[in-house]
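Read off the chains here:
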Amino acid sequence: RWQEQPKGGRMGRKEREHIEWCIANGLEPPPSSKKPKVDKSKRTLDNVSVTHGSSTVRASTENADNNTTNERPYRTREKPVMRTVPEHIGHTPAEGSGRQYTVTIALPGSIIDNAQSQELSMMLAGSIARAATIFQVDEVVVWEEKFEQDQGKKGYGGANFLARVLQYLETPQYLRKALIPRHKDLQLVGLLPPLDAPHHARKHEHVPFREGVTLKSTAEDQDDAQPDKGDGDLKISSKTAVDVGLEHPVFVKQKIPAGVRVTIDMSFPKAVPPSAPRESPQRLYWGYTTRVASSFSNVFTSCPFKGGRYDYVIGTSEHGSTLDDWRHQIKSGGVEATSIDAAPDDRRELKYDHLLIVFGGVYGLEASCGADPDNTFQPPTALLDEQFHCYLNLCPTQGSRTIRTEEAVLMCLTALQPVIHPPVA
């Protein structure tokens, strides 16, 4: 009785047992649930449906050549738009309150060019952003490292890619659509975990500061805005609407162009510099800024902070001294402290205003000096002696021949945490 199999191949065990039970009880067996086989030799693109999410798109021979491939896309050399602060926004922090000093890390963009796929490049950039946020880094500098043997490689332009991803992750989620344009470098950014920094405030959170973007306020919005107490002579038209991630925008008494990212002090409210939360008594960490340097020398010569220079520079290298020896020199007074703005209650072992920590790339810091077109020192490694105050070897007993840059960032910031960010009393 099993000689006639259904048209679709062999039946399953459960289906066979059910048919036997029907025959034994004098019932008619149900029809087979097997679908007939399709002759693949006669199959064409005209009868194939490709599903994308909740919609089904019918493919045909006309658009068969436009299908996407899994090849790694080229990274663009277009530089990302850096954040700027309006010149008329001023802020004078209270003396002795908050955190006045800054911490900067610098690393080459060649670490992205060394990644094997777009997914690995994205994960590497995400690990750098997470480390910078966890250890309260105020600035991340990415310099363009160009070697002759890498000029013709596919995917060249890792510095711009890394800077763009770092800038995207640092921007609060509710501001990304308005501030960051769509770019192919960000197509896999959804794989990365969020930074969850203090300035990424939720809608229900009550925080003293919020990040926002200025809007084009209309007449209806201005009519709905309520003037503050005691400013009856102030016209509503002199206010600027700012989207700070709440249900309704807030209005500040400053004229700021539309589409500008600003930091809002919610107690007034008014626009303040991005450093205001850090310099406040709460010592709030307010994210990092991203800067792209055209060369290794440009890392030191284009300091955006007051004074135009970093007063203490640390280099990481396997040829450096150990952390214990360096801290012993600090305690014994062998390390010069060039900072003059340190508060009396400052508990840091090393006093500085602007600290810079430089990490090498695939070939190390020495190779970066040799590949720098703006380096005029002879030999090229003399630039390191000129700019660096110390070299540190954070893992003198390493078991691997090499330490990757993203690993060095985590190791260095963890080891230097008691020195650069001691707990506040």
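Please read all numbers here as calculations on a predicted model, not as lab measurements.

Draft legend 1. Representation of the overall build of the chain in the model. Broken down by element type, the chain carries 12 helices and 13 strands. A separation of at least 24 residues holds for 73% of the contacts in the chain among residues at least 6 apart in sequence. When the accessible surface of the chain is totalled, it reaches about 24,800 Å², and 50% of it is carbon and sulfur.

Draft legend 2. Quick look at the packing of helix α3 (residues 118-134) against helix α4 (residues 158-170). Two elements in contact, α3 and α4, have axes whose closest approach is 9 Å; the angle formed by their N-to-C orientations is 55°. Compared by their axis directions, α3 and α4 come out oblique. As α3 runs across α4, the sense of the crossing is right-handed. From α3, Q118, S121, M122, A125, G126, I128 and A129 reach across to α4, where they touch F161, L162, V165, L166 and L169. Here the contact of α3 with α4 is composed, by residue class, of 9 nonpolar, 3 polar and no charged.

Draft legend 3. View of the packing of α3 against helix α12 (residues 405-420). Two numbers describe how α3 lies on α12: the axes approach to 9 Å, and their chain directions differ by 10°. Overall, the two elements α3 and α12 adopt an arrangement that is roughly parallel. Facing L124, S127, I128 and A131 of α3, the residues of α12 in contact are E406, V409, L410 and L413. Tallied by class, residues from the contact of α3 with α12 come to 6 nonpolar, 1 polar and 1 charged.

Draft legend 4. Broad picture of the nonpolar core. Formed by 50 residues in total, the largest nonpolar core has its most connected members in V140, L169, Y288, W326 and L416. If near-sequence neighbours (up to four positions away) are discounted, V140 is found in contact with I105, L107, A132, L166, Y288, T289, T290 and R291. If you look at the next biggest cluster of nonpolar residues, it comprises 18 residues, including C303, V358, C369 and L384.

Draft legend 5. Quick peek at the packing of aromatic side chains. Applying the stated rule across the entire model yields 8 aromatic pairs. Here the aromatic rings of F305 and Y310 are separated by 6.4 Å at their centres, their planes lie at 75°, and the arrangement is edge-to-face. Residue classification places Y310 among the buried positions, given a relative accessible area of 4%. When the centroid spacing of 5.5 Å and the interplanar angle of 10° are considered together, the rings of F388 and Y391 count as stacked. Here the aromatic cluster, defined as three or more aromatic residues joined through ring pairs, consists of W143, F296, F300, F388 and Y391. The side chain of R176 reaches across the aromatic face of Y168, ending 4.5 Å from its centre. Stacked on the ring of F268, the Lys or Arg K270 has its end atom at 4.8 Å from the ring centre.

Draft legend 6. Here's a closer look at the environment of Q167. Inspection of the secondary structure puts Q167 in helix α4. Along the primary structure Q167 and Y288 are separated by 121 residues, whereas in three dimensions their C-alpha atoms are 8.5 Å apart.

Draft legend 7. Representation of the pattern of salt bridges in the model. For the structure shown, the criterion picks out 8 salt bridges. The partner of R261 in a salt bridge is E211, with the nearest N and O atoms 2.6 Å apart. Taken together, the residues span a long stretch of sequence, with R261 in strand β8 (residues 261-265) and E211 in strand β5 (residues 209-214) at a distance of 50 residues. Here the two residues R261 and E211 agree in accessibility, since each one is buried. Each of R99, D138 and R278 takes part in salt bridges that share partners, so that together they form one network.

Draft legend 8. Here's a closer look at the pairing of strand β6 (residues 240-243). Here β5 pairs with β6 via 2 bridges, running antiparallel. Bridge pairing links T214 to V242 in β6. Hairpin connection, β6 to strand β7 (residues 250-252): the antiparallel pair is bridged by 6 residues, and G245 has positive phi, about 85°.

Draft legend 9. Structural view of the sheet that holds β7. Strand order in this open sheet of 5 strands is β7-β6-β5-β8-β9, and the pairing throughout is antiparallel. Each edge of the open sheet is held by one strand with a lone partner, namely β7 and β9 (270-272). Geometrically, the sheet is characterised by an average inter-axis angle of 55° between neighbouring strands, direction not taken into account. Both β8 and β9 contribute to a ladder of 3 bridges, which runs antiparallel. For D265, the partnering residue across the bridge sits in β9 and is K270.

Draft legend 10. Looking closely at helix α1 (residues 13-24). The terminal C-alpha atoms of α1, which comprises 12 residues, lie 17 Å apart, in line with the 16 Å expected from a rise of 1.5 Å per residue. E15, I19 and C22 are the residues of α1 that are buried. Buried residues along α1 cover an arc of 60° about the axis, so they all sit on one side. Away from the buried face of α1 by more than 90 degrees, exposed residues R13, K14 and A24 are located. A positive backbone phi angle near 75° is found at G26, which sits one or two residues after α1.

Draft legend 11. Broad picture of the pairing of β5. Burial runs high along β5: 6 of the 6 residues are buried. Note that β5 and β8 share 5 bridges and pair antiparallel. Within β8, the position partnered with G212 by the bridge is V262.

Draft legend 12. Here's a closer look at unusual backbone geometry. That bond from F268 to P269 is cis: its omega, -10°, falls within 30 degrees of zero. Mapped onto the elements, P269 comes out in the loop between β8 and β9. The residue Q136 is not glycine, and still its phi comes out positive at about 55°. By secondary structure assignment, the location of Q136 is in the loop between α3 and β4 (139-143).

What counts as what
Residues numbered from 1 in each chain as written. Predicted model: local features only at pLDDT ≥ 70, side-chain atom pairs only at ≥ 80, totals over all residues. Heavy atoms only, no water. Helix = DSSP H or I, 4+ residues; strand = E, 2+ residues; numbered from the N terminus. Contact = heavy atoms within 4.5 Å. Areas by Shrake-Rupley, 256 points an atom, 1.4 Å probe, with all protein chains shown as cover. Axes fitted to C-alpha atoms, helices over the stretch in contact; angles between N-to-C directions. Parallel < 35°, antiparallel > 145°, perpendicular 65-115°, else oblique. Left-handed = near helix turned anticlockwise from the far one by under 90°. Nonpolar A, V, L, I, M, F, W, Y, C, P; charged D, E, K, R; others polar. Core = buried A, V, L, I, M, F, W, Y, C linked by side-chain atoms within 4.5 Å. Buried < 20%, exposed > 50% of the residue type's maximum accessible area, 1.4 Å probe, protein only. Phe/Tyr/Trp six-rings, centres within 6.5 Å; stacked < 30°, edge-to-face > 60°. Lys NZ or Arg CZ within 6 Å of the ring centre and 35° of its normal. Salt bridge = Lys/Arg side-chain N within 4 Å of Asp/Glu carboxyl O. Pairing = 2+ DSSP bridges. Expected span 1.5 Å × (residues − 1). Arc of directions from axis to C-beta.

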